[in-house]
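# Residue-level structural notes
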Amino acid sequence: MNRNEYFPMLEVSSLSVHLAWATLEVRGDSVDQLQVLVSGGESDTAALRITCAQGHLLIEQPNLGISPSLATAGHWMEILIRVPLDWKGPLDLSTISGRLTASGLNGTDLELCTVSGALSAGQLGGIRCHLRTVSGALRAEGVTCNELVLRSVSGNVTMEDSVFSQGNLDSVSGDFSLSLLEPIDLLNVTTVSGSLALEAPITSACIRRKAPGGHLRTKGLSLQDQGVPISMTTVSGDLEIIGGAG
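Residues numbered from 1 in each chain as written. Predicted model: local features only at pLDDT ≥ 70, side-chain atom pairs only at ≥ 80, totals over all residues. Heavy atoms only, no water.

### Some details on the overall build of the chain
For the record, the criterion: Strands are runs of DSSP state E lasting at least 2 residues, helices are runs of H or I lasting at least 4, and numbering of each runs from the N terminus. Within these notes, the globule rule equals 2.2 Å times the number of residues to the 0.38 power, and the radius of gyration is based on C-alpha atoms. Here the term buried applies to any residue with accessible area under 20% of the maximum for its type, exposed to any over 50%, and partly exposed to those in between, with areas from a 1.4 Å probe on protein chains only. Contact definition: two residues touch when any of their heavy atoms are within 4.5 Å. All accessible areas in this document rest on Shrake-Rupley with a 1.4 Å probe, and a residue is counted as covered only by the protein chains that are shown. His is not counted here, nor are the chain ends, while Lys and Arg score as positive and Asp and Glu score as negative. By convention, the point assigned to a charge is CZ for Arg, NZ for Lys, CD for Glu and CG for Asp.
Helices and strands together make up the secondary structure of the chain, namely 1 helix and 23 strands. Its C-alpha radius of gyration of 20 Å places the chain within 12% of the 18 Å reference for a compact globule of 246 residues. Principal-axis analysis of the C-alpha atoms gives the chain an extent of 60 × 40 × 25 Å. Out of the 246 residues in the chain, the part that is buried amounts to 46%. If you take every contact in the chain between residues at least 6 apart in sequence, the share linking residues at least 24 apart comes to 42%. Accessible surface computed for the chain: about 11000 Å², of which carbon and sulfur atoms make up 49%. For the chain, the separation between the mean place of its 15 positive charges and that of its 25 negative charges on side chains is 6 Å.

Below, the structure written as structure tokens:
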């Protein structure tokens, strides 16, 4: 069953999507209104709540407690949301076990979250970007923002060709791998056993590492008090930084 709904851009100031097992893709596109395109089983598609009140477009599955196994027991649903390229409101996107993909989006605050589903983000821009996973893998490319927050429990996080000024990374056992296009102003990292591998065009860093275990490795940069402040609190995670003039 297909279900398509359309919303004029000027009538939507914010977008929230909260799903259980359904697959979600949100992408910026050459359209003049927000398009919600749903495909799935008849009962699941009909039960999906889509409302727009006071400028807030909300899409959610009514039974968040449904077991993810239903997706292989005759229940399936895929949701594609096409967002005009000029639309720049806050976005809050989350799934439990469904795959989440976001690309070509620009907004004030961008929040993307999965529990066990894979999270893929590309070409995102915003003032604040918050990407969070529990056990699902998180991969991002071409993210540009002032403030970046990455959180994981056990899922590994990979970010490439991205730009941010201030970053906060939080993990239990998940590892972070970041490759940046421009220098950063500040980076704070907190893990238990998760490690960080950072490659950025910086020539000096002031590293504060609180760790009874793990290793620190640097290449292509000098360690000095006037360098980029990078702090890491961990039990056994490694910290590797590759710098350079860019």
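So that's the structure; there's more coming.
### Details of the pattern of salt bridges
To keep things clear, this is the line we draw: We define a salt bridge as a contact between a side-chain nitrogen of Lys or Arg and a carboxyl oxygen of Asp or Glu at a distance within 4 Å.
Inspection of the entire model under this criterion finds 11 salt bridges. Among the salt bridges present, the one from Asp29 reaches Arg27, with a minimum N-O distance of 3.2 Å. Relative accessible area serves as the criterion here: at 27%, Arg27 is assigned to the partly exposed category. A salt bridge links Glu160 to Arg139; the nearest nitrogen and oxygen atoms lie 3.2 Å apart. In this pair, Glu160 sits in strand E15 (residues 157-171) while Arg139 sits in strand E13 (residues 138-141), placing the two residues 21 residues apart along the sequence. Among the residues examined, Glu160 registers a relative accessible area of 28% and is labelled partly exposed.

### A short note on the environment of Ala46
Tracing the backbone through its elements, the reader meets Ala46 in helix H1 (residues 42-47). Distance from Ala46 to Ser195, taken between C-alpha atoms, is 44 Å for residues 149 residues apart in sequence.

### Some remarks on the nonpolar core
So the rule is basically this: Each nonpolar core is a collection of buried residues, namely Ala, Val, Leu, Ile, Met, Phe, Trp, Tyr and Cys, held together in the definition by side-chain atoms within 4.5 Å.
The biggest cluster of nonpolar side chains holds 62 residues, and the ones touching the most others in it are Leu112, Leu178 and Leu198. Leaving out residues up to four positions away in the same chain, Leu112 has contacts with Leu93, Leu100, Ala102, Leu119, Ala121, Leu124, His130, Leu131 and Arg132.

### Quick word on a nonpolar patch on the surface
Using the following cut-off: What makes a patch is a set of residues exposed beyond 30% relative accessible area and free of salt bridges, joined within 9 Å when like-charged and within 5 Å when nonpolar (Val, Leu, Ile, Met, Phe, Trp, Tyr).
Together, Ile96, Val115, Val134, Val153, Val172, Val192 and Val235 line one region of the surface with nonpolar side chains, adding up to about 450 Å² of accessible area. When its relative accessible area of 31% is taken as the criterion, Ile96 is described as partly exposed.

### Regarding unusual backbone geometry
With phi around 50°, Gln54 is a residue other than glycine that occupies positive phi space. Turning to its location among the elements, Gln54 is positioned in the loop between strand E5 (49-53) and strand E6 (56-60). Overall, Gln54 belongs to the exposed group, its relative accessible area being 86%. Located in the positive-phi region is Asp161, a residue other than glycine, with phi close to 50°.

### Focus: the environment of His75
Among the secondary structure elements, His75 is positioned in the loop between E6 and strand E7 (77-84). The spacing of His75 and Ser43 is 32 residues in sequence and 8.7 Å in space, taken between C-alpha atoms.

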